[in-house]
Amino acid sequence: MKARFLLAALALVAAPALAAPVEVTRFHTPESVTALGRGAVSVVAATGMDANSLETRVWLQAVEAELAALRFGTATPGAADAVAEVRVEREVQRTERQRGPVSVGVGGATGGWNSGVGLGLGFSLGGGPKSRVYTRLVVTIRSRATGLSLWEGRAENVENEKAKAAAVDQAAPRLAHALFSGFPGTSGATITVK
């Protein structure tokens, strides 16, 4: 019995932490999806993003990989049928602890033949402040000829800052895959992708 309990406890400790789910919302019309077709798409950083940064390149490559998996062609921005603009917003938020890590309590009692004083010391094992990474990937696919939006989608997720899934090289392919799963998706519906 003790051996089974020990094995179960070890399995829980050894189990990897699961990545947080991704919330996905897409927008399109039947006409815009028809106009989009499966032509060549150029993937570019949205205005305001540094297209030359290594982090941005990771996100652009993740979106390119998903579009290629959907059998969209690739082309330079001037030759593509459509342009996929990629915007990424990442923010680390820290939640402060409500109480300090150490607490001290004093108590006493007197009366009759007995009296006493007690002292208690407590330690919080919860660690320091918790930091979470909020990530939002937004992709807008526009017609190169008209500039009109043909498909828009956003994928959002929150991870513990120390989790492997919060690292850009892990988050980018996961959010891009969630965003394009079931493409084009139900317009206006928010789904959760695990």
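### What about the confidence of the model for the protein chain?
For step 1, the next point in the chain: For the protein chain, the average pLDDT comes to 84, and 74% of its residues sit at 70 or higher.
For step 2, the next point in the chain: Here helix H1 (residues 2–14) is the element of the protein chain with the lowest mean pLDDT, 44, and strand E1 (residues 22–27) is the one with the highest, 98.
For step 3, the next point in the chain: pLDDT under 50 marks residues 4–15. Its contacts with residues more than four places away, or in other chains, come to zero contacts.

### So, the environment of Arg87
For step 1, the next point in the chain: Tracing the backbone through its elements, the reader meets Arg87 in strand E4 (residues 82–95).
For step 2, the next point in the chain: The exposure class of Arg87 is partly exposed, given its relative accessible area of 31%.
For step 3, the next point in the chain: Counting along the chain gives 67 residues from Arg87 to Arg154, while the straight-line C-alpha distance between them is 9.3 Å.
For step 4, the next point in the chain: When near neighbours in sequence (up to four residues on either side) are disregarded, Arg87 contacts Ala46, Thr47, Met49, Arg136, Leu137 and Val138.

### Describing the side chain of Ser32
For step 1, the next point in the chain: Turning to its location among the elements, Ser32 is positioned in helix H2 (residues 30–36).
For step 2, the next point in the chain: The residues contacting Ser32, other than those within four sequence positions of it, are Ser149 and Leu150.

### Focus: the pattern of salt bridges
For step 1, the next point in the chain: For the coordinates displayed, the defined rule picks out four salt bridges.
For step 2, the next point in the chain: Note that Arg136 and Glu156 form a salt bridge whose closest N and O atoms lie 2.3 Å from each other. In this pair, Arg136 sits in strand E7 (residues 130–143) while Glu156 sits in strand E8 (residues 149–160), placing the two residues 20 residues apart along the sequence.
For step 3, the next point in the chain: Among the residues examined, Glu156 registers a relative accessible area of 24% and is labelled partly exposed.

The rules behind these values
Residues numbered from 1 in each chain as written. Predicted model: local features only at pLDDT ≥ 70, side-chain atom pairs only at ≥ 80, totals over all residues. Heavy atoms only, no water. pLDDT = per-residue confidence, 0-100. Helix = DSSP H or I, 4+ residues; strand = E, 2+ residues; numbered from the N terminus. Contact = heavy atoms within 4.5 Å. Buried < 20%, exposed > 50% of the residue type's maximum accessible area, 1.4 Å probe, protein only. Salt bridge = Lys/Arg side-chain N within 4 Å of Asp/Glu carboxyl O.

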